[in-house]
Amino acid sequence: MEEKLTLFKNRKRFGIEKNIDIIFKNTALVLSSFVAIILLGIILVVFFQSFESFSRYGLKFLVTSEWNPVKDEYGAFTAIYGTLVTSFLSLLITIPLGVGTAIFITEDFVPKVFREIIGSFVELLAAIPSVVLGLWAIFVMEPFFRAFFVFLHNFFGWIPLFSTEPTGRNTLLAILILVVMLLPIVTSIARDSLNQVPKKLRNAAYGIGASRWKTIFSVILPAALSGIMAGVLLALGRAMGETMAVTMIIGNSNAFSWSLLSPGYTISSMLANQFGEADGSQVSSLFYAAFVLMILSLVVNIFAQWLVKKFSLKY
Amino acid sequence: MNSLYYQKRLSRNIGDKFFTSLSVICALIAILPLIFLVTYILIKGGSQITPELFTLEPNPPGDDLDAGGINPALIGTLIITTIASIIAIPVGVGGGIYLAEYSKGGAFSRFIRFGVNVLAGVPSIIAGVFIYALIVSTKILFGSMYSGLAGGMALSILMLPTVIKTTDEGLKMVPNELRYASLGVGASMYTTILKVTLPSAFRSIATGVVLGIARAAGETAPLIFTALFSYYYIVGFEDLFYEMGSLAVLIYNFALEPYDAQNKLAWAASFILVLSILSVNIFSRILAAFTEKTKRV
C-alpha cells in the first residue's frame, strides 16, 4: 500500500484530512496494542500480588496441602491436584464421545437435515452459562447419580479412587459436569476439522477398496488429527479454568483425598470461594494459586496454537 | 462371481457395522443428556415465572416463604453487560481495524493476533482476580470498592478477544477490489475504512459481537468479587459505584441456599438467562445463514 500511495504525492489533500488519516491509523494502533497491555498487565499484577506468598513458601506451596488461615499456613496441592485430575479425567471421557459424535455428524449415516440439526444443537449448548449447568448439577445430576456412586463404592471400594463413602457433592460429579461442558467444544471443533479433509482423499481410499471405517481410521482421522488435537487442548484449557459449575458441585473441601467420591477443590473453585472474604497473607496465597492456574492455562493454550501452526493441513 | 456381492460375514463388514453402531451410541450418549438438560431448565424454570418476578426485589434468604423477584439482578445484568460492551466494542473494533487494514503481517501484528488467542484462553476467574487487584482493592474508582463498574470492566476483558477476532476476520473477507476502487477515486484510508470496508463487513462483525455479548451476559466468575451482589433496586446513576446484583451471581448465590424459595428463584433466573442467550444465538445463526444465501445468488 505504501508504494502505491507515494505515486500520488503531488495530489493536494487538505491538511486536516491528512491529519485525520494519521490520527485514525494511530488510534487503531493504540487500540490494538491494548490486548498486549491487558495480557501483560494480568500476568504482572497477579505475579506481584503473589510475591509475598511466593517468597515465603517458594515451590513448597505446590506440594503441601495444608490451607489454614488460622495458623497462616498455605499450600495449594489439593487444589492443584483437583484441577489436574478433574480436567484430565473429564477430557478422557469427552474425547471418544465427542470425536465419535463428530464422525456421526460428518458421515452420511442419517440424512443431512438431521445431521445439521444435531450439529447446531450441540453448538448451541456451548452457549449455556456454566452457572446454570452448576444449578442443574446440584438439583438433578447429584440425586440421579447417588445410587450409582454407592454402588461404585460398595463394589470397587478397594480401588483408592472410590475408597470413600459418597456423601453428596464430590469430585466425580465435577468431572461429569465438565464432560457436559466440554462435549460441545470438542464435538464442534472435531466436526469442523473432519469437514475440512478434502473429498478426494476419501474418494481415493474408497477407490482402492477400503471400507468406510478403514477410510476413517487410516485416512480421514489422521488428516484431521491436528485440528482435533488443538480442539482437545482448547477444551483442556477451558476445563482447567472452569469455575462456576465445578465450584457448585465439587464440595469445596481442602482435605486431600485420592478418592473421586470425596469432596475436593480446584484452584478456580478455591478462588471463587475464598477471594471475597480473604485478608492478609491469605490473599497473597490466593494470588499465588491464581498465578499457577494462569501459567497452566497459558502453557496449554500456547501449545495448542503452536500445534495448529505446525501441523495444519497442507493439501 | 460371489465376490461381487456384499458379504455380511466378511470381517471388514462386521468391523464396519461395529464401529458404525459405536459412533451412533456415542452420538446418543452425547446428545440425550444435553436435550434433557435444556428441556429441564426450560420447564423447571418456566414454571416459576410470574409477573411479580420482574418487579420485586429478592428477599434475603431466611425462613420467609416468599423469595420476591429478580428485578435488581435483571437490570444489573443489563447495566454490567452494557458497560462491558461500551469498553470492549470500540477497543476491539479499533484493534481489529488495525490488524485487518493497516498491519502488513509483521512481527507486531503477529504478536497481537497471538495475544488475542491467548487472552481468549485466560480463565474467566483470572479476569476477576485482575480487576480485583487493580480496581477493587485499590479503591481507585472514587473510593468505591465492589461496584457494577468494576464488574463491567472484568467482563470487557472477556469480550475483547471475541470482538477483535470477528472484526479482523470480517474485514479480511471484504474483497480487495473495493479498497482499490475507493483509494483509486482518491478517498483517504480512513474514509475507505469507515465508508466502504466497515459497512460491507458490518453484518458479520455485528453477529460476532452480539454472540460475544450474549456469552458475557452469562459469565459469573469475573463478577463474584468485582460486582458482588445486591438485594436492592437500582435507582440512580450513583448505584454504579456500589455492589450490583446480576442474574448469574443470583443463580450462584441462591442455588447454594438451603431454602426452597431461593432455589426456585435461581431456576427462574436461569430460565430467563438461558432463554435470552439461546434466542440471541438462534436469531444470529438464522441471520448469518440468510445472508450467506443471498450472497450466493
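Everything numeric in this text was worked out from a predicted model, so none of it was measured.

The rules we used
Residues numbered from 1 in each chain as written. Chains lettered and ligands numbered in written order. Predicted model: local features only at pLDDT ≥ 70, side-chain atom pairs only at ≥ 80, totals over all residues. Helix = DSSP H or I, 4+ residues; strand = E, 2+ residues; numbered from the N terminus. Rg over C-alpha atoms; globule rule 2.2 N^0.38 Å. Buried ≥ 20, exposed ≤ 12 C-beta atoms within 10 Å, placed from the backbone. Contact = placed C-beta atoms within 7 Å. Nonpolar A, V, L, I, M, F, W, Y, C, P; charged D, E, K, R; others polar. Axes fitted to C-alpha atoms, helices over the stretch in contact; angles between N-to-C directions. Left-handed = near helix turned anticlockwise from the far one by under 90°. Expected span 1.5 Å × (residues − 1).

*Asks:* Would you mind going over the overall build of chain A in detail, with residue names and values included?
*Replies:* A count of helices and strands for chain A gives 12 helices and 2 strands. Mapped in sequence order, the helices and strands of chain A form the string α-α-α-β-β-α-α-α-α-α-α-α-α-α. A compact globule built from 315 residues should have a C-alpha radius of gyration of about 20 Å, whereas chain A, at 25 Å, is more than 25% larger. Counting the 315 residues in chain A, one finds 45% classified as buried. A sequence separation of at least 24 residues applies to 77% of the contacts in chain A between residues at least 6 apart.

*Asks:* Hey, could you go over the interface of chain B and chain A for me, with residue numbers and the actual values?
*Replies:* Contacts between the two partners involve 70 residues from chain B and, on the opposite side, 71 residues from chain A. Here the side of chain B that touches chain A takes 18 residues from helix H1 (residues 11-46) of chain B, the largest share from any one element. Residues that form the side of chain B that touches chain A fall into these classes: 52 nonpolar, 14 polar and 4 charged.

*Asks:* Explain the packing of helix H4 (residues 77-106) of chain A against helix H9 (residues 212-241) of chain A to me, using residue names and the numbers behind them.
*Replies:* Residues and elements named next belong to chain A. Where H4 meets H9, the axes come as close as 10 Å, and the angle between the chain directions of the two elements is 145°. Here H4 and H9 pass one another in a crossing that is right-handed. Side by side, H4 and H9 meet where Thr83, Thr86, Ser87, Ser90, Leu91, Thr94, Ile95, Val99 and Ile103 of the first sit next to Ile216, Ile228, Val232, Ala235, Leu236, Ala239 and Met240 of the second. Its residues assigned to classes, the contact of H4 with H9 shows 11 nonpolar, 5 polar and no charged.

*Asks:* Provide a residue-level description of the packing of helix H2 (residues 71-102) of chain B against helix H5 (residues 148-172) of chain B, including the pertinent values.
*Replies:* Residues and elements named next belong to chain B. The geometry of H2 relative to H5 is characterised by a closest axis approach of 6 Å and an angle of 35° between their N-to-C directions. Of the two possible hands of crossing, H2 and H5 adopt the one that is right-handed. By residue class, the composition of the contact of H2 with H5 is 20 nonpolar, 10 polar and 3 charged.

*Asks:* Which residues make up H5 of chain B, and what are the values?
*Replies:* Along its 25 residues, H5 of chain B runs 35 Å from first to last C-alpha, staying within 8% of the 36 Å computed at 1.5 Å per residue. Burial analysis of H5 of chain B places 23 of its 25 residues in the buried class, which makes it a mostly covered element.

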